[in-house]
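# Notes for the structure review
What follows is the residue order along each chain.
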Amino acid sequence: MSLALDPAAQDLLFREARTANTFTDEPVTDEQVQAIYDLVKFGPTAFNQSPLRITLVRSPEARERLVRHMAEGNQAKTQAAPLVAILSADNEFHEELPALLPHFPQAKDMFFAERPVREQSALLNAALQAAYFIVGVRAAGLAAGPMTGLDFAGVQKEFLDDDHTPLMVVNIGKPGEDAWFPRSPRLDFDEVITTV
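The following paragraphs examine the structure supplied in this document. Note that the structure is predicted; figures quoted are calculated from it, not measured. Numbering of residues starts from 1 in every chain and runs along the sequence as written. Totals for whole chains, interfaces and linings use every residue, but because this is a predicted model, local features are given only for residues with pLDDT of at least 70 and side-chain atom pairs only at 80 or more, for both listing and counting. Think of the side-chain values as coming from all heavy atoms in the structure, minus any hydrogens and water.

A run of H or I in DSSP counts as a helix once it spans at least four residues, and a run of E counts as a strand once it spans at least two, with each numbered from the N terminus. Each helix and strand in the chain was counted, giving nine helices and four strands. Ordered by position from N to C terminus, the α and β elements of the chain give α-α-β-α-α-β-α-α-α-β-α-β-α. Relative to the 2.2 N^0.38 estimate, which gives 16 Å for 196 residues, the radius of gyration of the chain is 18 Å and therefore close to what a compact globule would have. Along the longest, intermediate and shortest principal axes, the C-alpha atoms of the chain span 50 × 50 × 35 Å. Counting every position in the chain, which comprises 196 residues, the buried fraction comes to 40%. We call two residues in contact whenever any of their non-hydrogen atoms come within 4.5 Å of each other. Put simply, of all contacts in the chain between residues at least 6 apart along the chain, 79% involve residues at least 24 apart. For the area figures, the Shrake-Rupley method with a 1.4 Å probe applies, and any residue is considered shielded solely by the protein chains shown. Of the roughly 11300 Å² of accessible surface on the chain, a fraction of 57% belongs to carbon and sulfur atoms. Only C-alpha atoms enter the radius of gyration; for comparison, a globular chain is expected to reach 2.2 Å times N to the power 0.38, where N is the number of residues. Relative accessibility decides the category of a residue: with a 1.4 Å probe and only protein chains considered, values under 20% of the type maximum give buried, values over 50% give exposed, and everything between is partly exposed.

Attention now goes to unusual backbone geometry. For Asn-48, which is not glycine, the phi dihedral falls at a positive 55 degrees. Within the fold, Asn-48 resides in the loop between α2 (30–40) and β1 (52–57). Look at Ser-50: it is not a glycine, yet its phi comes out positive at around 50 degrees. For Ser-50, the location among the structural elements is in the loop between α2 and β1. The exposure class assigned to Ser-50 is buried, which follows from its relative accessible area of 16%.

Attention now moves to the packing of aromatic side chains. The geometry of an aromatic ring pair is captured by the separation of the ring centres together with the interplanar angle, meaning the angle of the planes. Within 6.5 Å between ring centres, the rings of Phe, Tyr and Trp (the latter by its six-membered ring) count as paired, and their orientation is classed by plane angle as stacked under 30 degrees, edge-to-face over 60, tilted in between. Enumeration according to the criterion identifies five aromatic pairs in this entry. One aromatic cluster in this structure is built from Phe-47, Phe-93, Phe-104, Phe-111 and Phe-112.

Within strand β4 (residues 164–173), nine of the 10 residues are buried, leaving the element largely enclosed by the surrounding structure. Alignment of strand β2 (residues 83–90) against β4, held across eight bridges, turns out to be antiparallel. Bridged to Asp-90 within β4 is His-164. DSSP calls a pair of strands paired once it identifies at least 2 bridges connecting them. Sheet analysis places strand β3 (residues 143–147) next to β4, joined by five bridges and oriented antiparallel. Looking at the pairing, Met-147 lines up with Val-169 of β4.

As a further point, take the nonpolar core. By size, the foremost hydrophobic cluster in this structure holds 24 residues, and its most contacted members are Leu-87, Val-137 and Ile-172. Secondary structure elements with two or more residues in this core: α2, β2, α7 (115–139) and β4. Aside from chain neighbours lying at most four places away, what touches Ile-172 is Phe-23, Val-28, Ala-81, Pro-82, Leu-83, Ala-85, Phe-133, Val-137, Leu-142 and Ala-143. Among the nonpolar cores identified, the runner-up in size contains 16 residues, and Ala-62, Ala-81, Met-147 and Val-155 belong to it. Definition used in this section: a nonpolar core is a set of buried Ala, Val, Leu, Ile, Met, Phe, Trp, Tyr and Cys residues joined via side-chain atoms within 4.5 Å.

Another aspect to go through is the pattern of salt bridges. A side-chain nitrogen of Lys or Arg and a carboxyl oxygen of Asp or Glu constitute a salt bridge if their distance falls within 4 Å. This structure, assessed with the given rule, holds 11 salt bridges. The residue Arg-65 makes a salt bridge to Glu-158 at a minimum N-O spacing of 2.7 Å. Here Glu-158 lies in helix α8 (residues 152–159) and Arg-65 lies in helix α3 (residues 60–67), a separation of 93 residues in the sequence. Residue Arg-115 pairs with Glu-119 through a salt bridge whose shortest N-O separation is 2.8 Å. Of this pair, Arg-115 and Glu-119 both sit in helix α7, four residues apart, which is roughly one turn of the helix. Using a relative accessible area of 35% as the deciding quantity, one classes Glu-119 as partly exposed. Where salt bridges share partners, they join Glu-92, Arg-115, Arg-118, Glu-119 and Asp-163 into one cluster.

Okay, structure coming up:
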């Protein structure tokens, strides 16, 4: 095997992991979320910009507000999940760059002075971090149900501000009964990899 990661860990993170559609009612604790974040924060982003922001939807009132903005097929799943997170991109991430990139603090103004440039970079790099977050949820022994079937403008207005762009909603918890759809096919190596 040419991978350093133990096969059981490979299965946990990738081969056996799938998007969960049902969950048990076992709660997801703040300590679990902290452990997930403390692991995935080390995933690379350009200029170490770290634009991902996570809004945990815990209260019943906030859950109801969120469910109204979910696509019909995602409402019941979002209502029933032990924890729901709204993942968004902070378009003002550059304000943190002097602390996050101390050896190159001028990057803030040199590369990210213009809002459209920041928005494009925040979107790409927060999406990378969202993927790390999903893998981190799996590393915690939990299942993730990431969804983009939602009213993005509604979620932004309801939970965020003009400086944060919603990326997805992720249901989190222990998988419940009949949690998985059958595994969908994946492209083979030869269909993806080109050597030049």
